[in-house]
Amino acid sequence: MNTTNLIFAGVGGQGVLLIAELTARAAVRAGFDVKQTEVHGVSQRGGSVESHVRFGPVVYSPLVTAGQADVVVGLEKLEGLRYANFVNLQCGSLLVNDHEIIPGSVAGAAEKYPHYAIEFLRGKGLKVTAIPASRWAKDLGDGRVANMIMLGAMSALTPQMSEEVWLATLTERIPEKYRALNLKAFETGRSFASPLASPLPAEAGSDPKDLSKN
Amino acid sequence: MKELLLGNEAIARGAWEAGVKFASGYPGTPSTEILETLAKHYPEVDSQWSANEKVAFEEGMGAAIGGLRVMVTMKMVGLNVAADSFMVFPYSGTNGGFVVISADDPGMHSSQNEQDNRYLALMAKVPVLEPSDAQECKDFVKLGLEISEQFSGPVMLRTTTRLAHHKGLVELGERAEVPQRKFTPDAKRFSVPIYRTLLRPGVEKRIANLRDYAETTPVNRVEWRSGQPGEPPTQGSVGFVSSSIAYQYAREIMPEASVFRLGLTHPVPPRALKEFCAAHETVYVVEEGEPFIEDQLKAMGITNLVGKSIFGVIGEYSPERLAKAIGLNVPEKPDFGKEITVLPRPPMLCVGCGHRTVFDSLKQLKVTVAGDIGCYTMGALPPYEASHTTFCMGASISTAFGLERAGHERAVAIIGDSTFVHAGIPALIDAVYNGSSLTLIILDNSTTGMTGQQPHPSAGKTLRGKPAPKLDLEGLVRAAGVKQVQVVDTWQRKDVARAVRSAVGHDGPAVVITRGPCMRLPEMKLSERGERPYFIDEALCTKCDACFKVWCPAITRTSAGFPIIDPVECTACTVCAQMCPVEAIGPMC
C-alpha cells in the first residue's frame, strides 16, 4: 500500500491544526508510519493556515507534493481554492466547506472574493464536494465544530482507518466537556460523505504518485 | 512506546531522557516549543526563559562549567545575539555536556532573514549535528551531550523549520540521571585573556579529533543502493549526500539511489565521503541553506558534484523542488490564479489587539517610525503603513536615533515590552545619553505576543508560571534619564493619540507606554473577564462605516449593508464603540 497524502487548509482560528492532528493520531492508531507538518509562527488569527498529513508503511517527506493529494480539505471556500492545485487529478478530491470568510486587510477584498470557486474548479475537472459545514455546525449549536463535520466527511474518504479508530482517537483527544458535540459533528460529516466514498483513493488502483517511476 | 511528537517536542524529550538539568533560551520561531514542552512536561529539568539569547547562552555556559548537562535554545538570529559567548566558549571548553539548539528558518516563514548557522559553528569551530526526523531530534540531543562531554566542547544542534515543526513517530525512553561533574576553578582555562594563547591550540586539536570521530560515528551513514564501495561506478549511477530534512526529500524522490546521510555536518568525514563519491558517477549534494557540505566536499578535491547550481540557496526545499531541479517527472501544478482571483490572506492584528490605536495615531501624525520585531511589524502593512523600518531585536530605538541624526527630527521608535527588555534597554540609555529627542512607544502587552504569549521579566511571571518580581518599565525609563513618561490604557483611542502627540511635540526624549494585555493570553478571555461581546444596533446604525476603520476582523457586513460583529470573535475591547458617532455599538445584554 502506498502513502496517503492529505492537506488541510483554512483560516486561523477555524481549527485546521486540530483536525490535522486528529487525522495523524488516527493513522498512528491504525498502525501506520505518519508525518505531519504545519505552518506555525506568527500567531495572529485571520491568516491562511495549512497542514499536511501523510501516512503509509514508511513515510519520508512530511510535505505533500502538488498533484499528489488524495484529499484536500478546505475549511473555507477561498482556502479550498488556494490548495486545490495539490489535488491528484486522477484519483484525488477536494472537500470544501461552502463558507466564505472575506480577507480583512486586503483592499477591495469583498468585491474580488471568488464566490464561484467551486463551480470554477469543477469546470477544471476536479472532483469537488461542497459541504455547508458552517451552517450545519450552527444547527448543531456551535459554529466552531464545522471543522469536525469536514473531518467526518474526510474520514469517509480514507477507508484505511476504520470508524472505530476515528471514534477512539476523538474520544481520547477531545475533552469530555466538548466530546458529545464534536462526535455528533463528526458523524454528520461522515454520514454525508459515505455514499461518495466508493470511487475514491483506496479503490482507485493505479498509483500515479510515485515520482521515482518515470 | 512510540508517540507522535513535534520535532521540537522530541528535542525536549531528548533533553529530559539525557539527564539535562538546566535549560534556558529566548522564544523565537521555529524553536519556541522546546522550552515550553520542557516546562510543561518535564519538571526534572530546571527550564527558563531568559531576558535574551546571550544571557541564556551564558547562564547555560555557567551551568555546564558547573558540571550539569545543559541545553540552550534559540532561533537562528538569536545565536547572533549570543555569538559573543558562542565564539569564546570553545576555548575553555565545557565541563558538563552543553548543546545549543539553533533553529534555522529557510523560507523565512517567520524571520527577517535567511541565515545558515552552520557557518557560525564553522567560525566558532563547534561541531554541528543535524537530525533528519523527529526520532533523531530526540536521539541527537543525547548524542550531542555525549560528544560535548567526550571532546569537552560545546555542540550545536541545527534544525530547520520543517524539522522543528513536523510531527513524526518517536520511540520514548526513560530519563538517565547523570551525576553532576566536579567544577575545579582553573584560571588558565576559564579566565584572563593572557592565558587564551595557551588554549588556542586546543581548539584546533578538538576539531581534528572530531574529524576522526566523524569517520566512524553511526550518524554519518551510507545507505548503499547502487554501486558498492570499492567497485567502479555503475554507468549513470547517482548518489546523494544529504543532511537534515533534505535527506527525507532525497529518499522520497529517488528511493533507488544511494545516500550518504550526514548526521554530523561539521566536521565532515573526508575519507568516507571521498569513497562514496568515487563510487558514483554523479553525486547530488542536497542541503537546505548554503553550500556548507558541498564546499567542504569541493575543498577535498571531489568534482563529480551537483548541488546549489541546480537546487539554489534561497528558500525552503521540498520534494517537488528537488525533483524538478534534477529533471524528474513531476505532476504539473495548475495555476488557477491566472483565471480566478486567489486573494491573499495575510495575517493581521488579532481581534481586540491594543496596538491598533497606536498605529492609528502614528498614521495621523505622519511621523517617521522605526519598528521592531514583534506582532507590531504588521503596522508596516496596509491599512496602517505606519511603521517604516524593521531590522532586528532592539533596533527600533537605535535606528530612530540614527534617523534623527539624519534630520528626521520627529523620529518615533515603537517596541514591544519583551523586545525592549531583550535589546532595547541599552539602546534607550544610549539615545538619552547622546542627547536624543526621540519618542519611544513601548507597546506593553505583558507578554511576548509574536511567538505565542511567553512571559518575560516585565510580565511578572516565569516560564513555569511562578510569580516573579515585575520589572518596573516606568521606573527603568526614568532611571535612564527620560523626563516625560506617560502610561496610557492602550484601548482608549483618544488617550493614546493625545499621549503620542504630546511626546512627539516634547523637547527632549519622551516615552509613552501603551498598556493592555495581549488578547490571546488565557486570562483575557471574555468569560475570564466576565464581559460580554459587543453588538451593533441596526436601529441606530447609520451605515457610516466608521467602525470599519478599526480594521477589526470580527466586524463584517450583513447582506443589508449593516456592519455586524461576530460574537464568537469579539473581545469587547471597546474600540469600535469609541469610533461610532451615533452610539450604536455596545455590550450585549
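Sequence order sets the numbering: in each chain, residues are counted from 1 along the sequence as written. Chain letters and ligand numbers both follow the written order, the letters beginning at A and the numbers at 1. Predicted model: local features are reported for residues with pLDDT of at least 70 only, side-chain atom pairs are reported and counted for 80 or more only, and whole-chain, interface and lining totals are derived from all residues. Side-chain numbers come from the whole structure's heavy atoms, not from hydrogens or water.

**Here we look at the sheet that holds strand β4 (residues 70–75) of chain B**
Residue and element names in this part refer to chain B. Taken together, seven strands build an open sheet; the order of strands is β3-β2-β4-β5-β7-β6-β12 and the sheet is mixed. Only two strands of the sheet have a single neighbouring strand rather than two, namely β3 (46–49) and β12 (264–266). At least two DSSP bridges between two strands are required for those strands to pair. Secondary structure elements follow DSSP: runs of H or I of four or more residues count as helices, runs of E of two or more count as strands, with numbering from the N terminus. As defined by bridge partners, β4 adjoins strand β5 (residues 98–104) across six bridges and the pair is classed as parallel. The residue of β5 that forms the bridge with valine 72 is valine 100.

**Remarks on the pairing of strand β1 (residues 4–11) of chain A**
Residue and element names in this part refer to chain A. Exposure is judged per residue with a 1.4 Å probe applied to protein chains only, and the accessible area is read against the type maximum: over 50% gives exposed, under 20% gives buried, and values in between give partly exposed. Summarising burial for β1: eight of the eight residues are buried, a large majority. A two-sided burial pattern is seen for β1, the buried positions comprising Thr4, Leu6, Phe8 and Gly10 on one face and Asn5, Ile7, Ala9 and Val11 on the other. Relative to strand β3 (residues 48–56), β1 runs antiparallel, the two being bridged by eight bridges. Paired with leucine 6 across the two strands is valine 53, which belongs to β3. Inspection of the sheet shows β1 paired to strand β4 (residues 71–74) by four bridges, in the parallel sense. By the bridge assignment for β4, isoleucine 7 is matched with valine 72.

**Observations regarding the nonpolar core**
Nonpolar side chains in soluble globular proteins tend to be buried together. Residue and element names in this part refer to chain B. Counting residues in each nonpolar core, the largest one holds 61 residues, and the members touching the most others are Leu38, Met71 and Phe240. Looking at this core element by element, the count peaks at eight residues for helix α7 (residues 134–151). Only heavy atoms matter for contacts: two residues are in contact if any of them lie within 4.5 Å across the pair. Sequence-distant contacts of leucine 38, that is, excluding residues within four places in its chain, are made with Ala12, Ala15, Ala23, Pro43, Val45, Ser47, Met71 and Arg464. Only buried residues count toward a nonpolar core, which is a set of Ala, Val, Leu, Ile, Met, Phe, Trp, Tyr and Cys residues joined through side-chain atoms within 4.5 Å. Core analysis: the second largest hydrophobic core is formed by 48 residues, Ile425, Leu438, Ile442 and Val485 among them.

**Focus on the interface of chain B and chain A**
Taken together, the contacts link 54 residues of chain B with 57 residues of chain A. Using a 1.4 Å probe, buried area is obtained as the accessible area two parts lose upon being combined, added over both of them. Taking both sides of the interface into account, the surface hidden between chain B and chain A amounts to around 5000 Å²; carbon and sulfur atoms contribute 62%. Counting the surface chain B buries against chain A, the share from its top three residues, Phe336, Leu343 and Arg345 of chain B, is 18%. Any Lys or Arg side-chain nitrogen located within 4 Å of an Asp or Glu carboxyl oxygen qualifies as a salt bridge. The tally of links between chain B and chain A comes to four salt bridges.

**A look at the packing of aromatic side chains**
Residues and elements named next belong to chain B. Any two rings among Phe, Tyr and Trp, with Trp reduced to its six-membered ring, count as a pair given centres within 6.5 Å; such a pair is stacked if its planes are under 30 degrees apart, edge-to-face if over 60, and tilted if neither. If you walk through the whole model with that rule in mind, you get 19 aromatic pairs over all chains. Centre to centre, the rings of phenylalanine 57 and phenylalanine 98 are 5.0 Å apart; their planes meet at 65 degrees, and the pair counts as edge-to-face. One end of the pair, phenylalanine 57, is in helix α3 (residues 53–65); the other, phenylalanine 98, is in strand β5, with 41 residues separating them in the sequence. Given a relative accessible area of 0%, phenylalanine 57 falls into the buried group. According to the relative accessible area criterion, phenylalanine 98 is buried, its value standing at 0%. Taken together, a centroid distance of 5.0 Å and an interplanar angle of 85 degrees make the contact between phenylalanine 89 and phenylalanine 98 edge-to-face. Within the aromatic cluster, the residues linked to one another by ring pairs are Phe57, Phe86, Phe89 and Phe98. A ring is considered to have a charge above it if a Lys NZ or an Arg CZ atom is located within 6 Å of its centre and within 35 degrees of its normal. The residue whose ring lies beneath arginine 261 is tyrosine 247, and the NZ or CZ to ring-centre distance is 5.7 Å. Here lysine 543 stacks its cationic end above the ring of phenylalanine 562, 4.6 Å away from the centre of that ring.

**A short note on the environment of glycine 337 of chain B**
Residues and elements named next belong to chain B. Tracing the chain through its elements places glycine 337 in the loop between α15 (319–326) and α16 (355–365). For glycine 337, a relative accessible area of 45% gives the class partly exposed. Considering only alpha carbons, one finds glycine 337 and aspartate 444, 107 residues apart in sequence, at a separation of 41 Å.

**Observations concerning the pattern of salt bridges**
Residue and element names in this part refer to chain B. Evaluation of the coordinates by the stated rule reveals 43 salt bridges over all chains. For lysine 125, the salt bridge is made with glutamate 204, and the minimal N-O distance between the two is 3.0 Å. Here glutamate 204 lies in helix α10 (residues 196–216) and lysine 125 lies in the loop between α6 (118–124) and β6 (128–129), a separation of 79 residues in the sequence. Here glutamate 316 makes a salt bridge to arginine 162, at a shortest N to O gap of 2.7 Å. With glutamate 316 in the loop between α14 (308–311) and α15 and arginine 162 in helix α8 (residues 161–164), this pair connects stretches of sequence that are 154 residues apart.

**A closer look at the side chain of histidine 266 of chain B**
Residues and elements named next belong to chain B. Mapped onto the elements of the fold, histidine 266 is located in strand β12. Under the relative-accessibility criterion, histidine 266 is labelled buried at 4%. In protein, a polar contact means a hydrogen-donor-capable atom and an acceptor-capable atom, both N or O and within 3.5 Å, with residues adjacent in sequence counting only if both atoms are side-chain atoms; elsewhere, any N or O pair within 3.5 Å suffices. Among the polar contacts made by the side chain of histidine 266, one reaches the main-chain carbonyl oxygen of valine 126 at a distance of 2.8 Å. Setting aside residues up to four positions removed in sequence, histidine 266 forms contacts with Ala121, Leu122, Lys125, Val126, Pro127, Val128, Ile207, Phe292 and Gln296.

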